[in-house]
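Each chain, letter by letter, is given below.
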Amino acid sequence: MSQVVITGTGLFTPPHAIDNAALVASFNAWVDAENARHADAIAAGEREPLPHSSTEFIVKASGIHSRYVLDAEGILDPARMRPRLPERGNDVPSLQCEMGLAASRDALDAAGVEATDIELVIVACSNLERPYPAVAVELQDALGAGGYAFDMNVACSSATFAIETAANAIRAGSVKRALVVDPEICSAHLNFRDRDSHFIFGDACTAIVLESEEVATAEERFEILGTRLVTRFSNAIRNNAGFLNRVTDSDPQAIDKLFVQEGRRVFKEVCPLVAALITDHLASLELTGGDLSRLWLHQANRHMNDLIARRVLGHDPSPEQAPIILDRYANTSSAGSIIAFHLHRDDLPRGALGVVCSFGAGYSAGSVVVRRQ
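Here's a quick rundown of the structure.

Definitions and cut-offs
- Residues numbered from 1 in each chain as written.
- Predicted model: local features only at pLDDT ≥ 70, side-chain atom pairs only at ≥ 80, totals over all residues.
- Heavy atoms only, no water.
- Patch = residues over 30% accessible without salt bridge, like charges linked within 9 Å, V, L, I, M, F, W, Y side chains within 5 Å.
- Areas by Shrake-Rupley, 256 points an atom, 1.4 Å probe, with all protein chains shown as cover.
- Salt bridge = Lys/Arg side-chain N within 4 Å of Asp/Glu carboxyl O.
- Helix = DSSP H or I, 4+ residues; strand = E, 2+ residues; numbered from the N terminus.
- Buried < 20%, exposed > 50% of the residue type's maximum accessible area, 1.4 Å probe, protein only.
- Phe/Tyr/Trp six-rings, centres within 6.5 Å; stacked < 30°, edge-to-face > 60°.
- Pairing = 2+ DSSP bridges.
- Axes fitted to C-alpha atoms, helices over the stretch in contact; angles between N-to-C directions.
- Contact = heavy atoms within 4.5 Å.
- Left-handed = near helix turned anticlockwise from the far one by under 90°.
- Nonpolar A, V, L, I, M, F, W, Y, C, P; charged D, E, K, R; others polar.

**So, a nonpolar patch on the surface**
There is a patch of nonpolar side chains on the surface, built from Phe243, Leu244 and Val247 and spanning about 360 Å² of accessible area. Tracing the backbone shows phenylalanine 243 in the loop between β9 (237-238) and β10 (260-261). For phenylalanine 243, a relative accessible area of 69% corresponds to the exposed category.

Right under this line is the structure:
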């Protein structure tokens, strides 16, 4: 069995940033307009007035201060409140392909690998912009990569599930080099008119190069010691948009066609699931939380990350042990843990151990234990 190493990562950050103050101003302007429109019903007690949002509420609930998006103008327009992303022709690179190209080129440069050396491309993310042809095959063609490519979706855990899939292909000897790409356009499925979630998501794309150790040439390498995945069905996080909507005659603008979740339930059910996954995975490798130098966790909620890290490490995590990037990127779904890994690993000495972990809808969770060579 070939040993698998991560030799390069890349990150595409969109050009527009929206801080909490701007997002709240847009939301509250919409709330005021809605309350004015229904003033008579509110005065008659037939309807409750919509409450304002606030920067304090957002930070307390999530730890998020800002987010990057592909389009800020459409989101901040109280009459629209969704990004404005014009449709592209079939002969023009898709948005996710374009994002993937930028992140992939950085990852390939870091790994010292040519695109022609890649034999497997996996595009893994929460939302794909079309059913087919696969965005991964489009990206493979745009890069000039060889081998084969496919898309996969395991919501916020897509990156870690794809890492295991790519690592298994390398271990089995069917490929020597693989590329995992996570182009997340989360702003397109977020309901910016929902006070409890309008602040959650941002957009980003990450890329990871995985290689058989025998062909890797990069000086910086992270050996994959093991991967472990778990799924458990739950309706607590859901998005009902799909191709059957048009034949069931359902409202394409209905709230359930966007991201919806039961936040408190998710917190109570997911945190112990993830902490147990990591702890059991470490034990199977004869390791404990005390052996870890770093936890690169899914970036959805600061309170979730602190609780999970505390359970795994046995103490409150330092900023270095469990780095947070959601304060400026918000929740970027599957890209979040990879952004944390991309930005917060250079200081680790040789031999240091860490865990990349994602978790989200499904429920799904993935753990990747790595050691810096």
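Still more ground to cover, so stick around.
**Digging into the packing of aromatic side chains**
In this structure the tally under the stated criterion is eight aromatic pairs. With 4.8 Å between their ring centres and 90° between their planes, phenylalanine 201 and phenylalanine 259 make a pair best called edge-to-face. One end of the pair, phenylalanine 201, is in the loop between β6 (177-185) and β7 (203-212); the other, phenylalanine 259, is in the loop between β9 and β10, with 58 residues separating them in the sequence. Given the relative accessible area of 4%, phenylalanine 201 is considered buried. Ring centres 5.2 Å apart and planes at 75° place the aromatic pair phenylalanine 222 and phenylalanine 341 in the edge-to-face group.

**Remarks on the sheet that holds strand β4 (residues 120-124)**
The nine strands are arranged β5-β4-β6-β7-β1-β8-β13-β12-β11 in an open sheet whose pairing can be described as mixed. Two strands lie at the open edges of the sheet, namely β5 (148-152) and β11 (294-297), each paired on one side alone. Within this sheet the neighbouring strands show an average axis-to-axis angle of 25°, counted without direction. Each of β1 (4-12), β6 and β7 is contacted by helix α5 (residues 95-111), which is oriented at about 130° to β1, the strand it contacts most.

**Concerning the packing of helix α8 (residues 263-284) against helix α9 (residues 302-313)**
When two helices pack together, you describe them by how their axes are tilted relative to each other and by the distance separating the axes. It is the contact of α8 with α9, at a shortest axis distance of 9 Å, that shows an interaxial angle of 35°. With respect to the hand of their crossing, α8 and α9 are arranged in right-handed fashion. Across the interface between the two elements, Val266, Phe267, Val270, Cys271, Pro272, Val274, Ala275, Ile278, Thr279 and Leu282 of α8 pack against His303, Met304, Leu307, Ile308, Arg311 and Val312 of α9. Residues that form the contact of α8 with α9 fall into these classes: 13 nonpolar, two polar and one charged.

**Quick notes on the pairing of β6**
Along β6, nine of the nine residues are buried, which leaves the element largely enclosed by surrounding structure. Both faces of β6 are covered, namely the face carrying Arg177, Leu179, Val181, Pro183 and Ile185 and the face carrying Ala178, Val180, Asp182 and Glu184. Pairing analysis gives four bridges linking β4 to β6, with the strands arranged parallel. Residue pairing in the sheet places isoleucine 122 in a bridge with valine 180 of β6. Pairing of β6 with β7 involves nine bridges; the strand directions are antiparallel. When the bridges of β7 are listed, isoleucine 185 appears paired with aspartate 203.

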